[in-house]
Amino acid sequence: MDQDRAGWDLLRSSRDFFVDFRAHARGDGLRVAALIVLGAGVEGVGLVLLVPLLGLVIGDARTGWAVTLAAHLPWSSADGGPLVRLLSMLACFAALVVLRAVVLWHRDVLLAKLRLGFVEELRGRLVARLIAAPWTRLATLSQARVNHLLGSDIILTGACVHFMLQGAASLFVLMMQWGLACLFSPALAALTGVLLVGAGVALMPQLIRSRRLARDVADANLHLATSGAQFLGGLKLALSQNLQHRFATEFNDTLHRLLNQQVALVKEQSKSQLAFTTLASLAGAAAIVMGVWALSVPPAVLIVFVLLLARMSAPAAQLQQGAQQFANFLPSYEKVRALGVELAQDAVVAADGADAPHFSARPQPIRFHQVGYRHPGSGRGVSGLDLTLEAGSFVGIVGASGAGKTTFADLIVGLTVPDTGTVIVGGQRLEGALRRRWAAAIAYAPQETFLFHDSIRANLSWAHPTATEADMRSALALAGATALVDRLPQGLDTVVGAEGGLLSGGERQRLALARALMRRPPLLVLDESTSAIDISGERTVLASLASLPWRPTIVLIAHRRESLALCDRVLEFANGRVVADDPHPSARAIEAGQAQS
Ligand SMILES: Nc1ncnc2c1ncn2[C@@H]1O[C@H](COP(=O)(O)OP(=O)(O)OP(=O)(O)O)[C@@H](O)[C@H]1O
């Protein structure tokens, strides 16, 4: 029963794969099919020529239709006798071999183009779906899973294309060779055909078993990637508490499991190959015995038939191995497809928004009208938010951990769409294409500082690609990072390490703040993004922000009392609601912030 289901699963995902690939290949699919047919056809003609050629060599007059064919070939009327005829046929044979090599060369280049193109299309499609997915959905994805899918799983999907096309080419060549065998001796060919199909059917259960093992290997690989990512991320923590042996044990266990599964898979594949080679040899031997004793096949035909069988063994083995590898790599395609389908269900329908208005650099009032949002995973979030952030105001947000501050910030910038109520910016509801326009205008420095593993210049220009060096210097000055950059060996061209790992926490925050300021945004949201800067340094930075000439609306989430000193309003959150809204921050509101630090 299980075997049946696994068989259906294999068929279903092979069909999905084929449909996906056909949509990608379009005209190139037909061209490659034509080249496969042409390659097989040229090989067939070459094989047909072998019969009269051998007839001439061994002087066998009993090669029936083949002799008739040879007699009608243009060079057969040459006066030079058998030697000239033999040389002409050899030249013709050699020309066919060269022609076949040229056709195969074109075929293989086109196959590689199709394979690489398909991989790129799948990767691009997955990235587009990731980009279109709502932030709340992305937050639940594991980074290691996404890396693994976009990296090795997609590459293995390319291997599926390779084996599918190679299998199709082998199948066609095999069918053509079998068709030729039918011309020489229909009875022998029928027997060989039945035996080969029987061998294929007998190998199906092994194919299904090997696919199941391959899926276990794919799962174990993903687990290994996750462990690897956590291992590196958590290594400092582990080393600092002498817990690294636990990491090492877990990692080694995963490696060991993977090794066992890989060995089991290789064993299963070798068993299939062994079974196939045995069955194919038996089929060949039975055909030859039949030819010699039962059917009295002429020697030249028998020799060509044996040659044909020998030639058939290569595409037959390729077909068997191709089918096996295709089934083994298919789980990688299934994983890529599954994530794509999952994300497509949640995709935010992006209005094209060509006519949506752009937001100017001038700050606008932001109104929350009965806004509520619950995170799908926990059911927690914010509710009943009814307030207005005045244009150009400097608003502090305080509250205990989990009170809803970041959820509020995500709603202001449009990263999260409210379940209830509306966010209105400058009189326009923040929805559809307008959300993207808003995101393009504002700047958000989230709680987790993220820097690209690249130079400071590249990190800064990421937010504002056309920025000049003077723009960068002025943003760095506002964030208090001028001295830092001047001290670094390559200045703006210093590479900051993976996620800014070569800098201190406060330095990373200063660079992230400078990057946010590069855009001269009408709204600047800082979610604890100055918390690692020393107190006097933070005071200087916040004072610069409060006196910016273009006066953006600033929303500052902070736990430190000192951070809120310059705010002209402080909102206190508790359990997803605003419990205090003080236009003249009172000691109570500020102390609420202090209480959380
Ligand atoms: N992606 C998520 N999925 C499920 N629940 C979430 C998610 N993000 C936040 N929450 C929950 O929503 C609530 C509000 O979280 P939020 O991040 O807004 O709190 P916060 O006030 O910013 O906390 P902190 O000061 O610790 O950053 C919390 O109870 C949190 O557990």
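Residues numbered from 1 in each chain as written. Predicted model: local features only at pLDDT ≥ 70, side-chain atom pairs only at ≥ 80, totals over all residues. Heavy atoms only, no water.

The name given to the chain in an unreviewed UniProt entry is ATP-binding cassette subfamily C protein, with Nitrospirillum amazonense as the source organism. According to its UniProt record, the chain has this under Subcellular location (unreviewed entry): "Cell membrane". (UniProt positions renumbered as here; feature names shortened; annotations may be inferred.)

Student: Honestly, the site of the ligand in this entry has me stumped. Any pointers?
Tutor: Lining the immediate environment of the ligand, one finds 14 residues, of which Ser378, Arg380, Lys405, Thr406 and Thr407 sit closest. Ser378 places a polar side-chain atom, nitrogen or oxygen, 2.6 Å from a nitrogen atom of the ligand. For the ligand, the accessible surface in isolation is 640 Å², of which the surrounding protein chains cover 72%. Class assignment for the residues of the shell around the ligand results in 2 nonpolar, 9 polar and 3 charged. (Near = heavy atom within 4 Å. Polar contact = N/O pair within 3.5 Å; in protein donor to acceptor, adjacent residues only side chain to side chain. Areas by Shrake-Rupley, 256 points an atom, 1.4 Å probe, with all protein chains shown as cover. Nonpolar A, V, L, I, M, F, W, Y, C, P; charged D, E, K, R; others polar.)

Student: Sorry if this is basic, but what is going on with the environment of Leu411 here?
Tutor: Along the chain, Leu411 falls in helix 10 (residues 405–413). When its relative accessible area of 1% is taken as the criterion, Leu411 is described as buried. Taking the C-alpha atoms as reference points, Leu411 and Leu430, separated by 19 residues in sequence, lie 9.6 Å from one another. Sequence-distant contacts of Leu411, defined by excluding residues within four places in its chain, comprise Phe368, Val371, Tyr373, Val382, Thr416, Val417, Pro418, Val423 and Leu430. (Helix = DSSP H or I, 4+ residues; strand = E, 2+ residues; numbered from the N terminus. Buried < 20%, exposed > 50% of the residue type's maximum accessible area, 1.4 Å probe, protein only. Contact = heavy atoms within 4.5 Å.)

Student: Please explain unusual backbone geometry as it appears in this structure.
Tutor: Most of the time, phi is negative for any residue but glycine, and the peptide bond is trans. One non-glycine residue, Arg26, adopts positive backbone phi at about 40 degrees. One non-glycine residue, Arg551, adopts positive backbone phi at about 45 degrees. The topology assignment puts Arg551 in the loop between helix 16 (535–546) and strand 8 (553–557).

Student: Looking at this structure, how should I read the sheet that holds strand 2 (residues 381–389)?
Tutor: Sheet strands line up and pair through hydrogen bonds in the backbone, either parallel or antiparallel. An order of 2-1-4-5 is seen for the 4 strands of this open sheet, with the pairing classed as antiparallel. The open sheet terminates on both sides in strands that have one partner only, identified here as strand 2 and strand 5 (428–429). As judged from the 2 bridges shared by strand 4 (residues 420–425) and strand 5, these two strands associate in the antiparallel manner. Bridging across to strand 5, Ile424 finds its partner in Arg429. Relative to the sheet, helix 10 contacts strand 1 (366–374), strand 2 and strand 4, its axis offset from that of strand 2 by approximately 55 degrees. (Pairing = 2+ DSSP bridges. Axes fitted to C-alpha atoms, helices over the stretch in contact; angles between N-to-C directions.)

Student: How should the nonpolar core be read in this particular structure?
Tutor: As a rule of thumb, nonpolar side chains are buried together in soluble globular proteins. With 38 residues, the main nonpolar core has Leu511 and Leu545 as its most contacted residues. It is helix 15 (residues 505–517) that contributes the most residues to this core, 5 residues altogether. The contacts of Leu511, once residues within four sequence positions are left out, are Leu451, Ile456, Leu460, Leu476, Ala481, Leu484, Val485, Val496 and Leu503. (Core = buried A, V, L, I, M, F, W, Y, C linked by side-chain atoms within 4.5 Å.)

Student: Explanation requested: the layout of surface pockets in the structure shown.
Tutor: Roughly 900 Å³ of internal volume is contained in the second largest pocket. Leu171, Gly200, Leu319, Gln320 and Ala323 are the residues nearest the centre of the second largest pocket, which is lined by 31 residues in total. When residues of the lining of the second largest pocket are assigned to their parent elements, the largest contribution, 9 residues, is made by helix 9 (residues 299–346). Tallied by class, residues from the lining of the second largest pocket come to 22 nonpolar, 9 polar and no charged. (1 Å grid on protein atoms, 1.4 Å probe; cavity = no way out; pocket = protein on both sides within 12 Å on 5 of 7 lines; lining within 4 Å. Points joined across faces, edges and corners; volume = space filled by probe spheres on them.)

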